[in-house]
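Here's the letter readout for the chains.
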Amino acid sequence: MTLQNDLLLRTARGELTERIPVWMMRQAGRVLAEYRAVREKAGSFITLAKTPELAAEVTIQPVDAFGVDAAIIFSDILVIPEAMGLPYEMIESRGPVFPETVRSKADLKRLRVADAESDLGYVLDAIKLTKKELDGRVPLIGFAGAPFTIFCYMTEGKGSKTFSVAKKLLYTDPDFAHALLQQITDSTIAYLKAQIRSGVNLVQLFDSWAGILSPEQYRTFSLPYIKQICDLITDVPITVFAKGAFFARHEIGQLSCDVVGLDWNMDPHESRQLIPDRVLQGNLDPCVLYADFAQIRAEAKRMISAFGHQHYIANLGHGIYPDTDPDKARCFIDAVKEFGAA
């Protein structure tokens with residue numbers, strides 16, 4: 001299908017473009033009243049994510065509401081551990097919780113490498129339906145969690161400020177850690193390839209907890225597995241977003257990825273020097289969207305001046321916060337379009 005707006009795709013491929021493309025992480029839902037209505041109809045987050053018709057509906061909502069240059073499929077990074085045999089629950093005000101955890105080699109016997117078609121068919125169906133309903137308006141982004149981030153949840157059992165249980169295992173049982181990370185990696189590669197077969201135009205890896213590791217640990221327990229994924233995802237552009245891993249920017253830029261996502265603590269000029277041969281994505285602090293319209297416009301303009309008008313995708317430095325005024329989000333998108341013309 002020919003895309004009517006392929007700006008993001010051309011930029012991700014390293015082509016020169018007439019304008020900076022823009023989208024927002026976690027744009028599918030959260031801030032929109034339309035999303036909350038569908039979420040209420042679904043009854044739970046997990047039901048919403050597992051119902052292709054509803055997932056497609058909320059995926060498309062921000063394209064209509066904000067005029068972003070891409071849709072990102074509505075799903076969750078934790079579908080991978082569930083597909084491997086470790087189901088999770090989404091508890092209001094607490095977030096994801098795993099009733100059981102994996103913390104030893106014996107526990108690994110309960111897991112399997114996920115079969116994308118059978119275990120994650122609901123995501124693939126949502127992708128196919130979204131592609132049909134988008135009708136070529138904008139590209140569709142697929143995604144997965146990076147192996148170390150998924151490892152954190154599977155071993156800790158819930159969100160954490162420190163993920164000390166997960167990090168303890170890196171020191172006390174590195175063989176187990178590598179075995180679990182490899183299973184996650186194998187599952188993720190199969191999953192992303194299935195997403196691509198189902199129609200996504202590019203994919204993103206979210207290493208949300210990269211910043212809790214030391215540089216040495218990151219080189220040992222995260223980068224090698226991200227490298228495996230990047231080396232085997234070759235049909236569409238791939239973005240690596242490692243939140244907090246400012247120390248690994250040069251090494252991430254050496255991977256066979258196309259785009260490197262940056263959080264708001266990563267300086268654009270320094271990042272260009274460290275990653276000269278990749279497209280950069282980011283990195284407005286989501287809290288800027290609490291400011292008034294004039295300041296949002298000024299911050300967007302400043303960000304664009306720092307990154308430049310080519311080989312750059314405008315985005316937030318992390319997901320949009322759920323209490324953001326949708327008009328403020330729209331102001332950001334409109335400002336990038338205004339100031340981002342080449």
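Remember, it's a predicted structure, so these values are computed and weren't measured experimentally. (Residues numbered from 1 in each chain as written. Predicted model: local features only at pLDDT ≥ 70, side-chain atom pairs only at ≥ 80, totals over all residues. Heavy atoms only, no water.)

Draft legend 1. Geometry of the packing of helix H9 (residues 164-172) against helix H10 (residues 174-198). The contact between H9 and H10 brings their axes to 5 Å, and the two run at 115°. Residues Leu169, Leu170, Tyr171 and Thr172 of H9 form the contact with H10, whose participating residues are Pro174, Phe176 and Ala177. Taken together, the residues of the contact of H9 with H10 break down into 6 nonpolar, 1 polar and no charged. (Axes fitted to C-alpha atoms, helices over the stretch in contact; angles between N-to-C directions. Helix = DSSP H or I, 4+ residues; strand = E, 2+ residues; numbered from the N terminus. Contact = heavy atoms within 4.5 Å. Nonpolar A, V, L, I, M, F, W, Y, C, P; charged D, E, K, R; others polar.)

Draft legend 2. Seen up close, the pairing of strand S9 (residues 312-316). Among the 5 residues in S9, 5 count as buried, and that is most of the element. On S9, burial covers both faces: Tyr312, Ala314 and Leu316 on one face and Ile313 and Asn315 on the other are all buried. In this structure, strand S8 (residues 279-284) lies alongside S9, joined through 5 bridges in parallel fashion. Among the inter-strand pairings, Leu280 is bridged to a residue of S9, identified as Tyr312. Tracing the backbone out of S8, into helix H15 (residues 293-307) and back to the parallel element S9 gives a crossover that is right-handed. (Buried < 20%, exposed > 50% of the residue type's maximum accessible area, 1.4 Å probe, protein only. Pairing = 2+ DSSP bridges. Right-handed = clockwise from strand over helix to strand, strands pointing away.)

Draft legend 3. Summary view of empty space enclosed by the protein. Under the defined criterion, the tally for this structure stands at 1 cavity of 30 Å³ or more. Each pocket or cavity is described by its volume, and for the largest cavity that value is around 30 Å³. The element that contributes the greatest number of residues to the lining of the largest cavity is strand S5 (residues 202-207), accounting for 3 residues. Here the residues of the lining of the largest cavity are counted per class, giving 4 nonpolar, 3 polar and no charged. (1 Å grid on protein atoms, 1.4 Å probe; cavity = no way out; pocket = protein on both sides within 12 Å on 5 of 7 lines; lining within 4 Å. Points joined across faces, edges and corners; volume = space filled by probe spheres on them.)

Draft legend 4. Examining H15 more closely. For H15, spanning 15 residues, the distance from its first C-alpha to its last is 21 Å, which sits close to the expected 21 Å at 1.5 Å a residue. All buried positions along H15 are accounted for by Ile296, Ala300, Met303, Ile304, Ala306 and Phe307. End-on view of H15: buried residues confined to an arc of 160°, all on one side of the axis. Within H15, the exposed residues directed more than 90 degrees away from the buried face are Ala294 and Ser305. Those residues of H15 that are buried lie in contact with helix H14 (268-274), S8, S9 and helix H16 (326-339). The positive-phi residue at the C-terminal boundary of H15 is Gly308, with phi of around 90°. (Expected span 1.5 Å × (residues − 1). Arc of directions from axis to C-beta.)

Draft legend 5. Layout of the sheet that holds S8. Ordered in space as S1-S4-S5-S6-S7-S8-S9, the 7 strands form an open sheet in which the pairing is parallel. The two strands at the open ends of the sheet, each matched to only one other strand, are strand S1 (71-72) and S9. Here S1 pairs with strand S4 (residues 140-145) via 2 bridges, running parallel. From the neighbouring strand, Ile72 faces S4, where its bridge partner is Ile141. Helix H12 (residues 223-232) contacts S5 and strand S6 (238-242) of the sheet and is inclined by roughly 165° relative to S6. Sheet strands in contact with H15 are S8 and S9, and its direction is about 155° off that of S8.

Draft legend 6. Just the pattern of salt bridges, in detail. By the definition in use, this model includes 15 salt bridges. A salt bridge links Glu338 to Arg297; its shortest N-O distance comes to 2.8 Å. With Glu338 in helix H16 and Arg297 in helix H15, this residue pair connects regions lying 41 residues apart in the sequence. What you see here is one network of salt bridges that share partners, running through Asp6, Arg10 and Glu18. (Salt bridge = Lys/Arg side-chain N within 4 Å of Asp/Glu carboxyl O.)

Draft legend 7. Fine view of the layout of surface pockets. A volume near 1,300 Å³ is recorded for the largest pocket. As for the largest pocket, its lining consists of 38 residues, and the residues nearest its centre are Arg26, Arg30, Phe45, Asp76 and Met90. Among the secondary structure elements, those contributing two or more residues to the lining of the largest pocket are helix H2 (33-42), helix H3 (45-50), strand S2 (89-91) and strand S3 (95-97). Looking at the lining of the largest pocket, the element that brings in the most residues is H2, giving 3 residues. Class assignment of the residues belonging to the lining of the largest pocket gives a composition of 20 nonpolar, 10 polar and 8 charged.

Draft legend 8. Summary view of the side chain of Gln217. Mapped onto the elements of the fold, Gln217 is located in helix H11 (residues 215-221). If we skip the residues at most four places from it in the chain, Gln217 touches Lys167, Leu170, Tyr171 and Ser222.

Draft legend 9. How the structure looks around the environment of Thr162. Checked against the element boundaries, Thr162 lands in the loop between helix H8 (147-156) and H9. Separated by 80 residues in sequence, Thr162 and Glu82 place their C-alpha atoms 23 Å apart.

Draft legend 10. A look at the packing of aromatic side chains. All chains considered together, the criterion is met by 13 aromatic pairs. Geometrically, the ring pair formed by Tyr88 and Phe98 is tilted, given 5.8 Å between the ring centres and 40° between the ring planes. Remark: Phe98 occurs in the loop between S3 and helix H6 (116-119) and Tyr88 occurs in the loop between helix H5 (79-83) and S2; sequence separation between them is 10 residues. Cluster of aromatic residues (ring-pair linked, three or more members): Tyr35, Phe45 and Phe74. Stacked on the ring of Phe293, the Lys or Arg Lys328 has its end atom at 5.5 Å from the ring centre. (Phe/Tyr/Trp six-rings, centres within 6.5 Å; stacked < 30°, edge-to-face > 60°. Lys NZ or Arg CZ within 6 Å of the ring centre and 35° of its normal.)

Coordinates in, geometry out; function isn't part of it.
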